[in-house]
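The lines below spell out each chain.
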Amino acid sequence: MLLLEKAAHPRFHIGESLLPRNLPILDRLGLHREVAAMGVLKPGAEFVSDETGQSVAYDFALSADGEYTHSYQVRRAEFDHALLMNARRKGARIAERTAVTAVALGRRGGRAQVTAIDHHGTVHSFAPRLILDASGRDAFLAGKLQLKRSNRRNSTAAVYAHFRNVKLRTGATAGYITVHLIKDGWCWMIPLPGGIMSVGLVGGHALFKHREVNLQEFFLDRLHSSPTVNARMPEAELASGIMTAANYSYSAKRASGEGFFIIGDAFAFVDPVFSSGVLLAMTAGEMAAEVAETWLKDVRAGRALARRAERRLRGSMKRLSWLIYR
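Sequence order as written defines residue numbering, which begins from 1 separately in each chain. Totals for whole chains, interfaces and linings use every residue, but because this is a predicted model, local features are given only for residues with pLDDT of at least 70 and side-chain atom pairs only at 80 or more, for both listing and counting. The side-chain quantities take in all heavy atoms of the structure and omit both hydrogens and water.

### Observations concerning the overall build of the chain
When its secondary structure is counted, the chain shows 9 helices and 21 strands. Values of the radius of gyration come from C-alpha atoms, whereas the globule rule sets the reference at 2.2 Å times the count of residues to the power 0.38. In terms of C-alpha radius of gyration, the chain reaches 21 Å, essentially the compact-globule figure of 20 Å for 326 residues. Across the 326 residues in the chain, those meeting the buried criterion constitute 45%. Whether two residues are in contact is decided by their heavy atoms: any pair within 4.5 Å suffices. Counted over contacts in the chain with a minimum sequence separation of 6, partners at least 24 positions apart contribute 70%. Surface accessibility in these figures is a Shrake-Rupley result with a 1.4 Å probe; residues are shielded only by whichever protein chains are displayed. Approximately 16,900 Å² of the chain is accessible, and the part contributed by carbon and sulfur atoms is 51%. The centroid of the 44 positive side-chain charges in the chain is displaced by 9 Å from the centroid of its 30 negative side-chain charges. For helices the rule is a DSSP run of H or I covering at least 4 residues; for strands it is a run of E covering at least 2, with both sets numbered from the N terminus onward. When a residue's accessible area, from a 1.4 Å probe over protein chains only, is under 20% of the maximum for its type it is buried; when over 50% it is exposed; and in between it is partly exposed. Counted charges follow a simple rule, with Lys and Arg positive, Asp and Glu negative, and His plus the chain ends left uncounted. Each charge is placed at NZ for Lys, CZ for Arg, CG for Asp and CD for Glu.

In structure tokens form, the structure reads like this:
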């Protein structure tokens, strides 16, 4: 297996709040203890309303699954680097700072042609039997093959940054992710190691269309205008640059085809109000490993398994979307 990675790890990434169902995957990878050591214990999630001032907390220990009663908040740079190093230890060849620039799919069972360029400017060519596209929100193949479609019902954008000196939850809700429901959108607050708080603002067109100041002023003003968010940030200081992500929700028309299988955010992304992105990506990664093992032995059986995996992923996203829309 050859993994082409355009960045150099460790590198920043958003998506820092894991769910309890990530833990059995980490157990199977042998990484649970390492992630526990790098993260902040997350026993649950809290939702706070600006309109009413009221909040509701959900304790993971109350779930029907009594085995996994917590999760972790992590710096994605450390978390992703741990996953990458684990793949290398288990035999994957990894080429970092090597960006895929073109893919020509094979026909009638022929091999695809993949072109990539490394950080020295050297062009490389590969002829894999199967491409697993895990390019994240770049959605490389979905874009190239015109498979990507935005979810107009849930078309949002996000602005986010890391802060110091944000008030932490204590007592029963210590370590919880907090979702603040504000006018025209919502905010996340994710406690991270080292006294850092990840704070993000998510909303639709109504939130962003009348912006008349620079992005930092807009972001900070919106945080201060929320009474529940502002109450936790009177002494907050920026600890990173301001970052953005647009066209938040989308999916590909199909996940597989002649010699390829698209997984994770490269296939679809759902508004992250329930911290689902990393879980769906890791679940898809396990499915992709099974698909690849089958595909390389029997292409026909591999294609059938890929289609079944896609149906499972779409079903999961449909159920999650049902909650988000409400």
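### Let's talk about the pattern of salt bridges
Salt bridge, as applied in this entry: a Lys or Arg side-chain nitrogen positioned within 4 Å of an Asp or Glu carboxyl oxygen. Counted under the stated rule, the structure contains 8 salt bridges. The salt bridge involving Arg 28 is made with Glu 286; its shortest N-O contact spans 2.8 Å. In this pair, Arg 28 is assigned in helix α1 (residues 22-29) and Glu 286 in helix α8 (residues 277-297), connecting sequence segments 258 residues apart. Using a relative accessible area of 53% as the deciding quantity, one classes Arg 28 as exposed. With a closest N to O distance of 2.8 Å, Glu 46 and Arg 169 form a salt bridge. Of the two residues, Glu 46 is situated in strand β3 (residues 44-49) and Arg 169 in the loop between β12 (157-164) and β13 (177-182); the sequence distance between them amounts to 123 residues. Look at Arg 169 and you get partly exposed, because its relative accessible area is 25%.

### Concerning unusual backbone geometry
Along the chain, His 9 connects to Pro 10 via a cis peptide bond; the corresponding omega equals -5 degrees. With respect to the helices, strands and loops of the structure, Pro 10 is situated in the loop between β1 (2-4) and α1. You will see that Asp 184, though not glycine, has its phi angle at about 70 degrees, which is positive. Position of Asp 184 relative to the elements: it lies in the loop between β13 and β14 (185-192).

### Re the sheet that holds strand β19 (residues 256-257)
In this description, strands pair whenever DSSP reports at least two bridges between them. What the 3 strands build is an open sheet, ordered β10-β20-β19; its pairing is mixed. Only two strands of the sheet have a single partner each, and these edge strands are β10 (131-133) and β19.

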